[in-house]
Amino acid sequence: MIIDRAEVVVTSPDRNFVTLKLTTDDGLTGLGDATLNGRELAVVAYLKDHVVPLLLGRDAHRIEDTWQFLYRSAYWRRGPVTMAAIAAVDMALWDIKGKAAGLPVYQLLGGASRTGLLAYGHASGKTTEELFDSIRSHQEQGYRAIRVQTGVPGLKSIYGIASNATYEAMQGVRYDHEPAQRGALPNEEDWDTRSYLRHVPTVFEAVRNEFGPELPLLHDAHHRLTPIQAAQLGKSLEPYDLFWLEDVTPAENQEALRLVRQHTTTPLAIGEIFNSVWDYQQIIREQLIDYVRSAVTHTGGISHLRKVLDYAAQYQVKSGMHGPTDISPVGMAAAMHLGLSIHNFGIQEYMRHGAKTDEVFQQSFTWSDGYLHPGDQPGLGVGLDADEAGKYPYVQAYLPYNRLADGTVHDW
């Protein structure tokens, strides 16, 4: 089963997506997600100029061999661009193999370990009233676990607050994870850590008083804190029994998490910007985290992220795969198949894509009573409408960035 054709499709229905489509000599097709939010064209060039020429004529059944070939033969390993490109190839090959076998991908990974995937949604508000309305809306949509992001008094616009979004192409669609915003330059937002650390515990106290102790609550600090600030936040949130506290400090400094662990029992989720098992080796081995946050799309695909999660399972660390709207429906399907099959599944991030995206990508997954299931179509269960995709050309877009009151650039 030889790879006969490879196409890189760039489309921007509700936001930019990069999709690799492989076709075999007997007509089977496979899709892979290579979207890298705000840096999409770097992956497009890597695929078109360097990867696609290496794929033509290869046996589509040899998934592991192809993965190792693309990773090791480049010499310059790892990094988000390389691993997103390899991930797209890996997903597409699993999609093809599933179609050839007449089975959904999760069956090829060992079958289902559960009947569905618990998912969390993103509630947010500049004020407590607005936040409560958002939480209630998510509960009405069926979510059983909810991430809480709050505005901070004195700050005009910060990460994760949907009502702050200025993305003109949203056309009335509320996103609780800010999409990359269209324009020649990224938007500038403001930040003050002390105000944030004072305010966030009061918000979680109000949420618990309003919604009770049973609702699983999550929060994302989004890399903005130093290690001691992260420890302070984790400790201050302990009374509110968080499901997890995410990305409390830039985890490239892995030893920093030792300090955080010394001061708080709040569970930690790390790894949204990681892209290989080597990024996780120390923090999993030393049990400095509780959940692996990587996306299939950014971590070498199903093959590599499964190895990360198998390693994590030895230390009772669970999955919490990245799944906002900058992961395409193809990448989300891959996450669902992987999550359904592994034993150490924790929770799946799930944000609904816009209507235009759903027209470009036909999806077979189900959402019922707070649980996702990838469906039982052969392969990943996602199709691509080329005509619809062609209606939405790439638009330059960037994620925002932060500045402190004195003008210093700060982590967003």
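No experiment lies behind these values; they were computed from the predicted model shown. (Residues numbered from 1 in each chain as written. Predicted model: local features only at pLDDT ≥ 70, side-chain atom pairs only at ≥ 80, totals over all residues. Heavy atoms only, no water.)

**Concerning the pairing of strand β4 (residues 117–125)**
Where a strand is regular, its side chains alternate between the two sheet faces.
So, point 1. The element β4 is largely enclosed, with a buried count of nine among its nine residues.
So, point 2. Neither face of β4 is exposed, since Leu117, Ala119, Gly121, Ala123 and Gly125 on one face and Leu118, Tyr120, His122 and Ser124 on the opposite face are all buried.
So, point 3. When β4 meets strand β13 (residues 348–349), the two strands line up parallel, connected through two bridges. Considered in β13, the bridge of tyrosine 120 is made with glutamate 349.
So, point 4. Bridge analysis of β4 against strand β5 (residues 145–150) gives six bridges, and the strand direction is parallel. Residue alanine 123 lies in a different strand from β5, and its bridge partner there is valine 148. (Buried < 20%, exposed > 50% of the residue type's maximum accessible area, 1.4 Å probe, protein only. Helix = DSSP H or I, 4+ residues; strand = E, 2+ residues; numbered from the N terminus. Pairing = 2+ DSSP bridges.)

**Brief notes about the sheet that holds strand β19 (residues 401–403)**
So, point 1. Here three strands make up an open sheet; going across it, the order is β7-β19-β20 and the pairing mixed. Whereas interior strands pair on both sides, the edge strands pair on one side only; in this sheet they are β7 (188–190) and β20 (409–410).
So, point 2. Bridge count for β19 against β20 is two bridges, and the pairing is antiparallel. Among the inter-strand pairings, asparagine 402 is bridged to a residue of β20, identified as histidine 410.

**Quick word on helix α9 (residues 277–285)**
So, point 1. Those residues of α9 not exposed but buried are Val277, Asp279, Tyr280, Gln282, Ile283 and Ile284.
So, point 2. Taken together, the buried residues of α9 touch α8 (256–263), β10 (268–270), β11 (291–292) and α10 (301–313).
So, point 3. Among the residues trailing α9, glutamine 287 stands out with phi positive, at a value near 55°. (Contact = heavy atoms within 4.5 Å.)

**Description of the environment of valine 152**
So, point 1. Here valine 152 is to be found in the loop between β5 and β6 (181–182).
So, point 2. For the pair valine 152 and tyrosine 196, spaced 44 residues apart in the sequence, the C-alpha separation amounts to 6.0 Å.
So, point 3. For valine 152, the residues in contact, after removing those within four places along its chain, are Ile158, Ser195, Tyr196 and His199.

**Structural notes on the packing of helix α7 (residues 227–236) against α8**
So, point 1. Between α7 and α8, the least distance of the axes is 8 Å, while the angle of their chain directions is 30°. Classified by the angle between their axes, α7 and α8 sit roughly parallel to one another. By crossing handedness, the relation of α7 to α8 is classed as right-handed. Contacts from Pro227, Ile228, Ala230, Ala231 and Lys235 in α7 reach Ala256, Leu259, Val260 and His263 in α8. (Axes fitted to C-alpha atoms, helices over the stretch in contact; angles between N-to-C directions. Parallel < 35°, antiparallel > 145°, perpendicular 65-115°, else oblique. Left-handed = near helix turned anticlockwise from the far one by under 90°.)

**Some details on the sheet that holds strand β2 (residues 17–24)**
So, point 1. Taken in spatial order, the three strands make up an open sheet running β1-β2-β3, and their pairing is antiparallel. Pairing within the sheet leaves two strands with one partner each, and these edge strands are β1 (3–11) and β3 (29–33). Adjacent strand axes in the sheet meet at a mean angle of 20°, parallel and antiparallel pairs treated alike.
So, point 2. Pairing of β1 with β2 involves eight bridges; the strand directions are antiparallel. Bridge pairing in β2 places valine 8 opposite leucine 20.
So, point 3. In the packing of helix α1 (residues 40–55) onto the sheet, contacts are made with β1 and β2, and the angle to β1 comes to roughly 175°.

**Section: the nonpolar core**
So, point 1. Ranked by internal contacts, the top residues of the largest apolar core, which has 114 residues, are Leu257 and Val292.
So, point 2. In terms of residue count, the dominant contributor to this core is helix α3 (residues 80–101) (twelve residues).
So, point 3. If sequence neighbours within four positions are ignored, valine 292 has contacts with Ile270, Tyr280, Ile284, Leu305, Val308, Leu309, Ala312, Val317, Lys318, Ser319, Gly320 and Met321.
So, point 4. Listed in part, the eight residues of the second largest apolar core include Leu118, Tyr120, Ala269 and Tyr291. (Core = buried A, V, L, I, M, F, W, Y, C linked by side-chain atoms within 4.5 Å.)

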